[in-house]
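A structural walkthrough
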Amino acid sequence: MRVLVADDQLLVRRGLVLMLGPEPTVEVVGEAADGAQAVDLARRLRPDVVVMDVRMPVLDGIAAAERLTQEVPDCRVLALSAFDMDKHVVAALRAGACGFLPKDISPEELVNALRVVHTGEAVVAPRLLTRLISSYVTAPQRPAAPAAGTGPAGVPAELTPREREVWRLIATGRENTGIAAEMFISPSTVKNHITALFAKLQVRDRAQAVIAAYEAGLVRAGERE
């Protein structure tokens with residue numbers, strides 16, 4: 001796994017490199033001191049994952065993640081922050097980051113997170129995700145009840161009933177196997193529904209899909225397993 005580390009603080013950046021050094025499956029291919037440099041190096045070095053600090057000069061990590069999503073789509077972004085601020089988590093995921101972790105994680109947690117985002121899945125530190133789901137993404141007022149059979153306001157009309165149900169189950173915490181069991185379909189069929197669903201929602205991964213579900217009023221706090 002080729003990794004680029006981006007952090008404006010030299011000691012933090014070198015610390016992350018040292019944390020990853022003993023891991024035989026990880027190769028640190030470059031270091032960046034700001035978001036603009038991270039984007040430039042990612043274009044040239046084509047890393048699999050960029051470990052990106054959220055707050056950096058010239059171009060912050062969120063803006064850099066958005067540019068990487070557009071310009072180097074095969075590169076995944078794992079955002080890091082010293083500040084447990086929900087708005088940073090949501091902004092990073094909306095920008096295309098595949099994960100968000102606090103900087104006080106252990107080397108083992110960092111490597112495990114890199115493996116997850118490298119596969120295209122999302123990872124958010126449990127303490128951040130729990131608070132995120134229970135507060136920030138539920139902050140908008142739930143839309144008024146629609147007419148019978150039309151579904152919640154904010155749910156794209158082009159979704160099929162099955163796709164909408166898969167979306168709801170994703171937002172309530174089910175994995176693919178759980179969705180398959182609940183809907184009495186095969187895991188491969190679930191994957192097909194998810195592919196179509198993400199395309200229609202214009203989201204990159206499950207984390208973005210969960211945020212979209214809460215904002216659309218499809219689910220509300222307390223509906224998770």
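To be clear, the structure that these remarks concern was listed above.
Notes on the structure in this doc start here. Note that the coordinates shown come from a computational prediction; the quantities given were computed from them, not determined experimentally.

Under the definition given, this model contains 1 cavity of 30 Å³ or more. Roughly 30 Å³ of internal volume is contained in the largest cavity. Together, Met 52, Gly 61, Ile 62, Ala 65, Val 77, Ala 79, Ala 92 and Ala 97 line the largest cavity. Contributing elements (two or more residues each) for the lining of the largest cavity: helix 3 (61-71) and strand 4 (76-81). Sort the elements by how many residues they give to the lining of the largest cavity and helix 3 lands first, with 3 residues.

What follows covers the pairing of strand 2 (residues 27-32). Sheet analysis places strand 1 (residues 2-6) next to strand 2, joined by 5 bridges and oriented parallel. Within the sheet, the bridge partner assigned to Ala 6 lies in strand 2 and is Ala 32.

Taken together, 6 strands build an open sheet; the order of strands is 2-1-3-4-5-6 and the sheet is parallel. The open sheet terminates on both sides in strands that have one partner only, identified here as strand 2 and strand 6 (123-124). Sheet strands in contact with helix 1 (residues 10-20) are strand 1, strand 2, strand 3 (49-53) and strand 4, and its direction is about 175° off that of strand 2. Each of strand 1, strand 2 and strand 3 is contacted by helix 2 (residues 35-45), which is oriented at about 145° to strand 2, the strand it contacts most.

Applying the stated criterion across every chain, the model contains 13 salt bridges. A salt bridge links Arg 43 to Asp 40, with the shortest nitrogen-to-oxygen separation between them at 4.0 Å. Placement of both Arg 43 and Asp 40 in helix 2 is noted, with a separation of 3 residues, approximately one turn of the helix. Measuring nitrogen to oxygen at the nearest pair gives 2.7 Å for the salt bridge that ties Glu 165 to Arg 168. Residue Glu 165 and its partner Arg 168 are both found in helix 7 (residues 161-171); the two are separated by 3 residues, about one turn of the helix. Here Arg 168 falls in the partly exposed class, since its relative accessible area comes to 24%.

Along an α-helix, residues three or four positions apart point the same way, because every turn accommodates 3.6 residues. All buried positions along helix 1 are accounted for by Arg 13, Leu 16, Val 17 and Leu 20. Projected down its long axis, helix 1 shows its buried positions confined to an angular sector of 100°, all on one face. Looking at helix 1, the residues exposed on the side facing more than 90 degrees away from the buried face are Leu 11 and Leu 18. Taken together, the buried residues of helix 1 touch strand 1, strand 2, strand 3, strand 4 and helix 5 (107-118).

Now for the packing of helix 7 against helix 9 (residues 187-201). Closest axis-to-axis distance for the helix 7/helix 9 pair is 9 Å, and the angle between their directions is 90°. By the criterion of interaxial angle, the relationship of helix 7 to helix 9 is roughly perpendicular. Within the contact between the two elements, helix 7 uses Arg 162, Glu 163, Val 166, Trp 167 and Ile 170 and helix 9 uses His 193, Ile 194, Ala 196, Leu 197, Phe 198, Lys 200 and Leu 201. Broken down by class, the residue content of the contact of helix 7 with helix 9 amounts to 8 nonpolar, 1 polar and 3 charged.

Looking at the element boundaries, Gly 173 is found in the loop between helix 7 and helix 8 (176-183). Along the sequence, Gly 173 and Arg 206 sit 33 residues apart, while their C-alpha atoms lie 9.8 Å from each other.

Next up on the list: unusual backbone geometry. We note that Val 58 has phi near 65°; this positive angle belongs to a residue other than glycine. Position of Val 58 relative to the elements: it lies in the loop between strand 3 and helix 3. At Phe 184, a position not held by glycine, the phi torsion is positive, near 60°. If you trace the backbone, Phe 184 turns up in the loop between helix 8 and helix 9. Of the residues examined, Phe 184 reaches a relative accessible area of 76% and is grouped as exposed.

On to helix 2, then. Here helix 2 has its buried residues at Gly 35, Ala 38, Val 39, Leu 41 and Ala 42. Its buried side turned inward, helix 2 meets strand 1, strand 2, strand 3 and helix 3. In the segment just after helix 2, Arg 46 is the residue with positive phi, at about 50°.

What counts and how
- All residue numbers refer to positions counted from 1 along the written sequence of the respective chain.
- Owing to the predicted nature of the model, reporting of local features is limited to residues with pLDDT of at least 70; listing and counting of side-chain atom pairs is limited to 80 or more, with chain, interface and lining totals taken over all residues.
- The basis for every side-chain value is the complete set of non-hydrogen atoms in the structure, without hydrogens or water.
- Here a cavity is any set of points on a 1 Å grid over the protein atoms alone where a 1.4 Å probe fits but cannot get out, and a pocket is any open set with protein on both sides within 12 Å along at least 5 of 7 lines; a residue lines the site when it has an atom within 4 Å of a point.
- Grid points are joined across faces, edges and corners, and a volume is the space filled by probe spheres set on the points.
- We count a stretch as a helix when DSSP gives it H or I for four or more residues in a row; a strand needs E for two or more, and each element gets its number in order from the N terminus.
- A pair of strands is treated as paired once DSSP finds two or more bridges between them.
- Should any heavy atoms of two residues lie within 4.5 Å, those residues are counted as being in contact.
- In this analysis, axes come from line fits to C-alpha atoms, helices being fitted only over the stretch in contact, and the angle between any two N-to-C directions falls in the range 0 to 180 degrees.
- Only one rule defines a salt bridge in this text: a Lys or Arg side-chain nitrogen within 4 Å of an Asp or Glu carboxyl oxygen.
- A simple rule labels every residue: compare its accessible area, found with a 1.4 Å probe on the protein chains alone, to the largest value its type can have, and call it buried under 20%, exposed over 50%, or partly exposed in between.
- Starting at the helix axis, one direction is taken to each C-beta atom, and the arc is that of these directions.
- Angle categories: roughly parallel below 35 degrees, roughly antiparallel above 145, roughly perpendicular from 65 to 115, and oblique for all the rest.
- Ten residue types, Ala, Val, Leu, Ile, Met, Phe, Trp, Tyr, Cys and Pro, are classed as nonpolar, four, Asp, Glu, Lys and Arg, as charged, and the remainder, Gly among them, as polar.

Limitation: the analysis is restricted to geometry and does not speak to function.
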